[in-house]
Amino acid sequence: METVKQKTIKEVYVWELPVRFYHWINALCIVVLSVTGYLIGRPPALQSAAEASFSYWFGWIRFIHFVAAFVFFFNFVLRTYWGFVGNKYAQWYNFIPLKKSQWEELFNVLKVDILQLTTKSIPSIGHNMLAGFTYFFTFLAFLLQSLTGFGLYAAMSDSWFPKLFSWIVPLLGGDLPARNFHHILMWFFIIFAMIHIYLVFYHDYIERNGLTSSMIGGWKFVKQDEDDKE
Amino acid sequence: MTKKKATIYEEIRAKGHSRRDFLKFCTTMSVMLGLETSGVTQITKALEKKHRIPVIWMHFQECTCCSESFIRSSHPIVADIVLDKISLDYTETLMAASGHQAEKSLHDTMEKYHGEYLLMVEGSIPAKDEAFCCIGGRSALEILKEVSEGAKAIIAWGNCASSGCVQAASPNPTGAQPVHKVIKGKPIINVQGCPPIAEVMAGVVVHLLAFERIPQLDSLGRPKAFYSRRVHDTCYRRPNYDAGLFVESFDDENAKRGYCLYKMGCRGPNTYNSCGVIKWNNGVSYPIQSGHPCIGCSEANFWDNGPFYQHLQSFPGFGIETTADKIGVGLGIATGAGIAAHAISTNIRKRKMLQKGLKENKTENK
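What comes next concerns the included structure. Model, not experiment: these values are computed from the prediction.

Criteria and cut-off values
- Residues numbered from 1 in each chain as written.
- Chains lettered and ligands numbered in written order.
- Predicted model: local features only at pLDDT ≥ 70, side-chain atom pairs only at ≥ 80, totals over all residues.
- Heavy atoms only, no water.
- 1 Å grid on protein atoms, 1.4 Å probe; cavity = no way out; pocket = protein on both sides within 12 Å on 5 of 7 lines; lining within 4 Å.
- Points joined across faces, edges and corners; volume = space filled by probe spheres on them.
- Helix = DSSP H or I, 4+ residues; strand = E, 2+ residues; numbered from the N terminus.
- Nonpolar A, V, L, I, M, F, W, Y, C, P; charged D, E, K, R; others polar.
- Buried < 20%, exposed > 50% of the residue type's maximum accessible area, 1.4 Å probe, protein only.
- Pairing = 2+ DSSP bridges.
- Patch = residues over 30% accessible without salt bridge, like charges linked within 9 Å, V, L, I, M, F, W, Y side chains within 5 Å.
- Areas by Shrake-Rupley, 256 points an atom, 1.4 Å probe, with all protein chains shown as cover.
- Salt bridge = Lys/Arg side-chain N within 4 Å of Asp/Glu carboxyl O.
- Phe/Tyr/Trp six-rings, centres within 6.5 Å; stacked < 30°, edge-to-face > 60°.
- Lys NZ or Arg CZ within 6 Å of the ring centre and 35° of its normal.
- Expected span 1.5 Å × (residues − 1).
- Arc of directions from axis to C-beta.
- Core = buried A, V, L, I, M, F, W, Y, C linked by side-chain atoms within 4.5 Å.
- Contact = heavy atoms within 4.5 Å.

**Digging into the layout of surface pockets**
Residue and element names in this part refer to chain A.
Next, step 1: A volume near 1300 Å³ is recorded for the largest pocket.
Next, step 2: What lines the largest pocket is a set of 48 residues, and nearest its centre among them are His-23, Tyr-135, Phe-192, His-196 and Val-200.
Next, step 3: If one sorts the elements of the lining of the largest pocket by residue count, helix H7 (residues 175-207) sits on top with 14 residues.
Next, step 4: For the lining of the largest pocket, the per-class residue count stands at 30 nonpolar, 14 polar and four charged.

**Brief notes about the pairing of strand S3 (residues 118-122) of chain B**
Residues and elements named next belong to chain B.
Next, step 1: With five of five residues buried, S3 lies mostly within the body of the structure.
Next, step 2: Of the two faces of S3, the one holding Leu-118, Met-120 and Glu-122 and the one holding Leu-119 and Val-121 are both buried throughout.
Next, step 3: Relative to S3, strand S1 (residues 55-59) runs parallel, the two being bridged by five bridges. Residue pairing across strands places Ile-56 opposite Leu-119, the latter belonging to S3.
Next, step 4: Two strands pair when backbone bridges link them, and S3 and strand S7 (residues 153-157) are joined in this way by five bridges, in the parallel orientation. In the strand pairing of S7, Leu-119 is matched with Ile-154.

**Brief notes about empty space enclosed by the protein**
Residues and elements named next belong to chain A.
Next, step 1: One pass over the structure, following the stated rule, counts five cavities of 30 Å³ or more.
Next, step 2: Taken as a whole, the largest cavity spans an internal volume of roughly 690 Å³.
Next, step 3: In terms of lining residues, the largest cavity is bounded by 36 residues, among which Gly-37, His-65, Gly-149, Leu-152 and His-182 are the most central.
Next, step 4: Those elements giving two or more residues to the lining of the largest cavity turn out to be helix H1 (17-41), helix H2 (57-85), helix H4 (129-153) and H7.
Next, step 5: Sorting elements by how many residues they give to the lining of the largest cavity places H7 first, with eight residues.
Next, step 6: The residue makeup of the lining of the largest cavity, split by class, is 18 nonpolar, 14 polar and four charged.

**Concerning a nonpolar patch on the surface**
Residue and element names in this part refer to chain A.
Next, step 1: A cluster of nonpolar side chains, namely Tyr-13, Leu-17, Phe-21, Ile-25, Tyr-56, Trp-60, Phe-63, Ile-64, Val-67, Val-71 and Trp-219, defines an oily patch on the protein surface of about 1100 Å² accessible area.
Next, step 2: Those elements giving two or more residues to the nonpolar patch turn out to be H1 and H2.
Next, step 3: If you tally residues by element for the nonpolar patch, the top one is H2, at five residues.
Next, step 4: On the secondary structure map, Tyr-56 appears in the loop between H1 and H2.

**Focus: the packing of aromatic side chains**
Next, step 1: As enumerated under the stated definition, the model contains 49 aromatic pairs over all chains in all.
Next, step 2: Relative to A:Tyr153, the ring of A:Phe66 lies with its centre 4.7 Å away and its plane at 50°, an arrangement referred to as tilted. Taken together, the residues span a long stretch of sequence, with A:Phe66 in helix H2 and A:Tyr153 in helix H4 at a distance of 87 residues.
Next, step 3: Take A:Tyr153: its relative accessible area is 19%, and that puts it in the buried class.
Next, step 4: Arranged with centres 5.8 Å apart and planes meeting at 70°, the rings of B:Trp57 and B:Phe70 form a pair that is edge-to-face. Here B:Phe70 lies in helix H4 (residues 65-70) and B:Trp57 lies in strand S1, a separation of 13 residues in the sequence. Grouping residues by exposure puts B:Trp57 and B:Phe70 together as buried.
Next, step 5: Every member of this aromatic cluster is reached through a ring pair, and the members are A:Phe66, A:Phe70, A:Phe73, A:Phe74, A:Phe150, A:Tyr153, A:Trp160, A:Phe161 and A:Phe165.
Next, step 6: Taking the ring centre of A:Tyr22 as reference, the NZ or CZ of A:Arg79 above it sits at 5.7 Å.

**Comments concerning helix H6 (residues 99-112) of chain B**
Residue and element names in this part refer to chain B.
Next, step 1: Along its 14 residues, H6 runs 20 Å from first to last C-alpha, staying within 8% of the 20 Å computed at 1.5 Å per residue.
Next, step 2: By the burial criterion, the buried members of H6 are Ala-102, Leu-106, Thr-109 and Met-110. Seen from one end, H6 has its buried residues packed into an arc of 100°, which puts them on one side. Away from its buried face, by an angle of more than 90 degrees, H6 presents the exposed residues His-100, Gln-101, Lys-104, Glu-111 and Lys-112.

**Here's the deal with the nonpolar core**
Residue and element names in this part refer to chain B.
Next, step 1: If you look at the biggest cluster of nonpolar residues, it comprises 55 residues, and the most contacted ones within it are Ile-43, Ile-155, Trp-157 and Val-191.
Next, step 2: By residue number, the principal contributor to this core is helix H10 (residues 198-211), which donates ten residues.
Next, step 3: When residues no more than four places from it in sequence are discounted, the contact partners of Val-191 are Ile-155, Ala-156, Trp-157, Gly-158, Ser-162, Pro-196, Val-200, Met-201, Val-204 and Tyr-227.
Next, step 4: If you look at the next biggest cluster of nonpolar residues, it comprises 27 residues, including Ile-56, Val-121, Ile-135 and Ile-188.

Right, dumping it as structure tokens:
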């Protein structure tokens, strides 16, 4: 049995409960929204002689999509709020590189982890800067997807809430371009998810810091000397 | 020679229509406009008291299908009221006068009724090269600017005048522009469609006549009374959509059964119009009822949002058959390959690092 005894290792509570809830609700919503969204855009061919009054499956698919969209949006709103009141790993400045040191870290991560020019690993307890900045773009995608989604939904709803978004549709030139935009952006989520999951595995494999399970329990293993750098 | 100006009602009677016909017309129009019962009285009274509005109807880059649609309105008074009675003081297609006489008539109307006349525009305006559309030696843009100056309001008939239609489709050689892009500071009503439904056109005119204000418009300048609902929401085939029953090809069993045309590229879910309610040719049918998907003719850029028979638009910059899905799958495969390459590279490049950790420890444990 291979064991590694790290004398200097320490456990840090990184992801607070709201952050973890946000993450998994968000993940579930994205899966549900992508699957139902794809089906709405490209329904399967069912050859049957049925009368329309006997079934409503496509209506249900759309219903699930709309419900998941509401959950997705308000979950995102709560996370944005938590970006101002949460701990230092959850704060908004983790996602927007404003300081020079943050840009340095960003390029460093690019060099070490993505291009693999050096063999060292980079210490970061919360999000590393490249990940954080990438999440910033996913937030933008969340926003755009919510805007176009609710904007399109507004036409078939009497509720005041989706109506708040209806201005986006004429801005994009009508329902069809808005719908197309919404559809194209879905692929951003799919490709992001692929890379995201891979990189979690990668970091856990290389750094052995319990990254994967940290999003369940909240705790990460950090080498003692890395902790006090911030 | 002072003659008392006849009211619209009087003119209609003089034309040979009975009061009964007149009341039927008022009722039809208030129904089309979605007014409550009292609206009938309002319209009737207004038309009884009001005088004709002078109208200038300009034709620019277009096919005259809006005029064609208009004269096929289900109610005979509609054609009479506008074409004869509200009276076209100038329209290239239908007026008797020609040449200098026509030009004179236009200028007389513009001077005499400055600030009062209604301007109706059919067709788009070439803004890049004005020479593409000239009437009487002057460009469409020049004419429109002059005529709109004294107009009370402008009605942009059809997709050409509202959003450019086929002339503005890529690459738009003439630089065709809709009215609202070249004229500012005037109330403009976009009566969309290629062509608009006759009853919709009449409804807008009657609204202007009876209430002397422009109808409530949506964010794209279309009258809400006719363009607030999607063709999809009023489609009689809608239950098939909700049940997931779709036509897969034009000659299949599903097409025979009248299933939803969504997968045949139907633009009903993205198109705001009254086709499903008012229908065409005196309420006989509309494209979907006749088995053809909606092509979205009351939406901007509908020619470029193609292909018509494909639900997903083609992705800009790629071939016309290439949808976002094909590109997405391609990107997904590329990403997967990238991930695989990165994973292999990790195990090679970082091998030392991974093993160092284990080795250090083994020596420590000894």
